[in-house]
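Overview (structure and organization)
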Amino acid sequence: MTAFPRTPVLYVLLAIAAGLAAGPARAQSAVADGQKLAFDRGKGNCLTCHVIKGGDLPGTIGPELKDIKSKYPDRNELVAIIFDETKRNPQTMMPPFGRNRILTEQEISAIVDFLQTL
C-alpha cells in the first residue's frame, strides 16, 4: 500500500488543526474590531450615550455598559437590542443600528463580542 491513499486524510487533519488554532485568534480579532467600532464616533458611536471602560468622554444618556454577559446571557438578545431596540422599547433613544443600516450584521456581532468582555 502506498502513502497516496493516506494523503487526503492528512490534509483533512491539517485543515482541522489550522481551523482550531485560528479560532482564538479570530475571536480576539472580533473583540478588537468590536471595541474599535464601539469607540468610533462616526460608526458605532456607543460612547456618545454610554460609559464604557477604556472609552474617552462618555455620555450618560444610556446605562453604563458593564457586566454585560451576566445581564444578557443570551447573545441573541443583545444582538436584537443593537439591531433595533425600538421593537422591545418603542420609547428608546437608542438608534436602530441594524434596521437603519448604520451597522452591518457582522459589525453588530463584533460589538456584541466586545461587550460580552465587559
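In short, a report on the structure. Computed from a predicted structure; not experimentally measured. (Residues numbered from 1 in each chain as written. Predicted model: local features only at pLDDT ≥ 70, side-chain atom pairs only at ≥ 80, totals over all residues. Heavy atoms only, no water.)

1. Comments concerning the overall build of the protein
- A count of helical and extended segments in the protein gives four helices and zero strands.
- Along its sequence from the N terminus, the protein presents helices and strands in the succession α-α-α-α.
- Counting the 118 residues in the protein, one finds 27% classified as buried.
- The long-range share in the protein, meaning contacts at least 24 apart out of those at least 6 apart in sequence, stands at 41%. (Helix = DSSP H or I, 4+ residues; strand = E, 2+ residues; numbered from the N terminus. Buried < 20%, exposed > 50% of the residue type's maximum accessible area, 1.4 Å probe, protein only. Contact = heavy atoms within 4.5 Å.)

2. Considering the nonpolar core
- Ile52, Ile68, Leu78, Ile82, Leu103, Ile111 and Leu115 are the most contacted members of the largest nonpolar core, which totals 19 residues.
- Residue assignment for this core shows that the elements contributing at least two residues are helix 1 (7-39), helix 3 (75-84) and helix 4 (105-115).
- Ranked by residue count, the leading element in this core is helix 4, at six residues.
- Those residues in contact with Leu115, other than ones at most four positions away along the chain, are Leu65, Ile68, Leu78 and Ile82. (Core = buried A, V, L, I, M, F, W, Y, C linked by side-chain atoms within 4.5 Å.)

3. Things to note about unusual backbone geometry
- One non-glycine residue, Leu57, lies in the positive phi region at around 55 degrees.
- Looking at where Leu57 falls in the secondary structure, it is placed in the loop between helix 1 and helix 2 (68-71).
- The exposure class of Leu57 is exposed, given its relative accessible area of 73%.

4. Notes on the packing of aromatic side chains
- Summed over all chains, the structure comprises one aromatic pair.
- With 5.8 Å between their ring centres and 85 degrees between their planes, Phe39 and Phe114 make a pair best called edge-to-face. Here Phe114 lies in helix 4 and Phe39 lies in helix 1, a separation of 75 residues in the sequence.
- Note on Phe114: relative accessible area 4%, which makes it buried. (Phe/Tyr/Trp six-rings, centres within 6.5 Å; stacked < 30°, edge-to-face > 60°.)

5. Regarding helix 3
- Regarding helix 3, the residues found buried are Leu78, Ile81, Ile82 and Asp84.
- As for helix 3, its buried residues are in contact with helix 2 and helix 4.
- Backbone nitrogen of Asn76 and a side-chain oxygen of the N-cap are separated by 3.0 Å at the start of helix 3; the cap is Asp74. (Polar contact = N/O pair within 3.5 Å; in protein donor to acceptor, adjacent residues only side chain to side chain.)

6. A short note on the environment of Glu105
- Counting through the fold element by element, Glu105 comes out in helix 4.
- A relative accessible area of 65% means that Glu105 is categorised as exposed.
- For the pair formed by Glu105 and Phe83, sequence separation is 22 residues and the distance between their alpha carbons is 8.0 Å.

7. Details of the pattern of salt bridges
- Using the criterion set out here, one finds five salt bridges in the structure.
- The closest approach of N and O atoms between Arg88 and Glu77, which form a salt bridge, is 3.3 Å. Note that Arg88 is positioned in the loop between helix 3 and helix 4 and Glu77 in helix 3, a separation of eleven residues in sequence.
- Exposure remark for Arg88: the relative accessible area of 47% places this residue in the partly exposed category.
- The salt bridge involving Glu85 is made with Arg88; its shortest N-O contact spans 3.2 Å.
- On the basis of relative accessible area, Glu85 is assigned to the buried category, the value being 7%. (Salt bridge = Lys/Arg side-chain N within 4 Å of Asp/Glu carboxyl O.)

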